[in-house]
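Structural overview for review
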Amino acid sequence: MTLEALIFDVDGTLADTEDVHRRAFNLVFERHRLGWVWQPPQYRELLSVAGGKERLAWFIDTLPVSGAERVHLRRLVPALHAEKNRCYRHLVMSGALRLRPGIERLMTEAREAGCRLAIATTTSAVNVEALLQATLGSAGPAMFSAIACGDEVRIKKPSPYVYHLALRRLGLRAHQAVAFEDSLNGLRSAVGAGLRTIVTPTYWSRHEDLSAASLELPHLGDPHLPIGGEPGHQLENAPWLGFAELARRMDGRTAFARDPVDELQS
Ligand code: XBP
Ligand code: MG
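The following paragraphs examine the structure supplied in this document. For clarity, every value in this text was computed on a predicted model and none was experimentally measured. (Residues numbered from 1 in each chain as written. Chains lettered and ligands numbered in written order. Predicted model: local features only at pLDDT ≥ 70, side-chain atom pairs only at ≥ 80, totals over all residues. Heavy atoms only, no water.)

1. Concerning the pairing of strand β5 (residues 196-199)
Residues Arg196 and Ile198 line one face of β5 and the alternating positions Thr197 and Val199 line the opposite face, and both faces are buried. Direction of pairing for strand β4 (residues 177-181) relative to β5: parallel, over a ladder of 4 bridges. What sits directly across from Ala179, in β5, is Thr197. Taking the sense of rotation as the criterion, the β-α-β connection linking β4, helix α8 (residues 184-192) and β5 turns out right-handed. Judged from the 2 bridges that link them, β5 and strand β6 (residues 215-216) form a sheet pairing that is parallel. Its bridge partner lying in β6, Ile198 is registered against Leu215. (Buried < 20%, exposed > 50% of the residue type's maximum accessible area, 1.4 Å probe, protein only. Helix = DSSP H or I, 4+ residues; strand = E, 2+ residues; numbered from the N terminus. Pairing = 2+ DSSP bridges. Right-handed = clockwise from strand over helix to strand, strands pointing away.)

Pasting the structure below:
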């Protein structure tokens, strides 16, 4: 089966965005004199709740405050989250982020081979657009044939809906595409939609059980940033994941070391 599309998650996968989201949340908390400061270890735990609004609401529910105060704080969530996103976009457009190693190379190789690109993310379209423009230039968003966001589906990751939506927009079945993720919530969403998934965890997700992935790499690698121990450990051809090797594994010429999707289907 020909590989027809690469579907990328955004936060943590295209770029290591979570620290910028964290800083933006803290800026807003400070502006509103809420007295909350999310440090990295705490934010890493909070990330098990997918979606910024949902994460903030969950955090408020853990605070030792009166019922009336909790109701008041919960009402602030939509406004605080919208302000966080404005701060986040400002930081991204000021150059706070780069794409992770190998992302732009693999995207270029895929496009040259006639394979389409898509996005399936929890975050909102404006945040995706800011990241793509800041890292790939004004032509960035148009490189993607389909963009599916968390606020377009009934339930966010780890539910598979956002991947179903991306596949529907591409007009493809799950076996014709491969997903790229960084976290357990994302992996469960992609595998739940029947997609083979490659995970490249970060500080924020390295502690999670990502064994349902077809392939786990520290990053996608590049000629100037080779993956240690490769080729020979998990990759065959080079110390980076090339599109040709990926396509060969997808059409079954070379199997993935782990293939949970096949196990699920058998
Ligand atoms: C990661 C997330 C996101 C970001 C912030 O999602 O959970 O919520 O932390 O996004 P994914 P918003 O699994 O898709 O990478 O604040 O815009 O919701
Ligand atoms: Mg992610």
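2. A short note on the packing of aromatic side chains
For the structure on display, the rule yields 11 aromatic pairs. A connected cluster of aromatic rings, assembled from ring pairs, spans Phe25, Phe29, Trp36, Trp38, Tyr43, Phe59, Tyr203 and Trp204. The ring of Tyr203 carries Arg44 above its face, with NZ or CZ at 4.3 Å from the centroid. Above the plane of the ring of Tyr88 lies Lys84, whose end atom (NZ or CZ) is 5.6 Å from the centre. (Phe/Tyr/Trp six-rings, centres within 6.5 Å; stacked < 30°, edge-to-face > 60°. Lys NZ or Arg CZ within 6 Å of the ring centre and 35° of its normal.)

3. A word on the coordination of the magnesium ion (ligand 2)
Taken together, the protein ligands of the magnesium ion (ligand 2) are Asp9 (OD), Asp11 (O) and Asp182 (OD), with distances of 2.1 to 2.2 Å. Donor residues for the magnesium ion (ligand 2), ordered by position in the chain, follow D-x1-D-x170-D. In this pair, Asp9 is assigned in the loop between β1 (5-8) and α1 (18-31) and Asp182 in the loop between β4 and α8, connecting sequence segments 173 residues apart. (Donors = N, O, S within 2.8 Å, 3.2 Å for Na, K, Ca; no water.)

4. Examining the side chain of Thr123
Within the fold, Thr123 resides in the loop between β2 (116-120) and α6 (125-136). Of the polar contacts made by the side chain of Thr123, one reaches the side chain of Asn127; its length is 3.0 Å. (Polar contact = N/O pair within 3.5 Å; in protein donor to acceptor, adjacent residues only side chain to side chain.)

5. Quick word on the pattern of salt bridges
Oppositely charged side chains can form a pair if their charged atoms are brought close together. A complete count under the given rule lists 11 salt bridges for this structure. Salt-bridge contacts for Asp9 lead to Lys157; the nearest nitrogen and oxygen are separated by 2.9 Å. Of the two residues, Asp9 is situated in the loop between β1 and α1 and Lys157 in the loop between β3 (146-148) and α7 (161-170); the sequence distance between them amounts to 148 residues. Across this residue pair, the class does not change: Asp9 and Lys157 are buried. In this structure, Glu83 and Arg31 form a salt bridge, with 2.7 Å as the shortest nitrogen-oxygen distance. Here the residue Glu83 occupies a position in helix α4 (residues 67-93), and Arg31 occupies one in helix α1, the gap between them amounting to 52 residues. Among the residues examined, Glu83 registers a relative accessible area of 13% and is labelled buried. (Salt bridge = Lys/Arg side-chain N within 4 Å of Asp/Glu carboxyl O.)

6. Some words on the site of ligand 1
The full set close to ligand 1 counts 17 residues, and Asp9, Gly52, Arg55, Lys84 and Thr123 are the nearest of them. Note that an oxygen atom of ligand 1 is positioned 2.7 Å from one of the side-chain N or O atoms of Asp9. In isolation ligand 1 offers 450 Å² of accessible surface; the protein chains occlude 96% of this area. Here ligand 1 is seated within the largest pocket. Among the elements that take part in the shell around ligand 1, α4 stands out by supplying 3 residues, more than any other. Tallied by class, the residues present in the shell around ligand 1 amount to 2 nonpolar, 9 polar and 6 charged. When residues of the shell around ligand 1 are sorted by domain, at least three fall in each of domain 1 (5-16 + 98-265) and domain 2 (18-93). (Near = heavy atom within 4 Å. Areas by Shrake-Rupley, 256 points an atom, 1.4 Å probe, with all protein chains shown as cover. 1 Å grid on protein atoms, 1.4 Å probe; cavity = no way out; pocket = protein on both sides within 12 Å on 5 of 7 lines; lining within 4 Å. Sits in = over half its atoms within 2 Å of the grid points. Nonpolar A, V, L, I, M, F, W, Y, C, P; charged D, E, K, R; others polar. Domains from an automatic or database assignment.)

7. Examining the layout of surface pockets
Rolled over the atoms, a probe sized like a water molecule indicates the empty space that remains. Its volume calculated, the largest pocket comes out at about 480 Å³. Lining the largest pocket are 32 residues, and of these Asp11, Glu18, Gly51, Arg55 and Thr122 lie nearest its centre. The set of elements that each furnish at least two residues to the lining of the largest pocket consists of α1, α3 (52-61), α4 and α8. Residues of the lining of the largest pocket, tallied by class, amount to 5 nonpolar, 15 polar and 12 charged. Formed jointly, the lining of the largest pocket draws a minimum of three residues from each of two domains, domain 1 (5-16 + 98-265) and domain 2 (18-93). (Points joined across faces, edges and corners; volume = space filled by probe spheres on them.)

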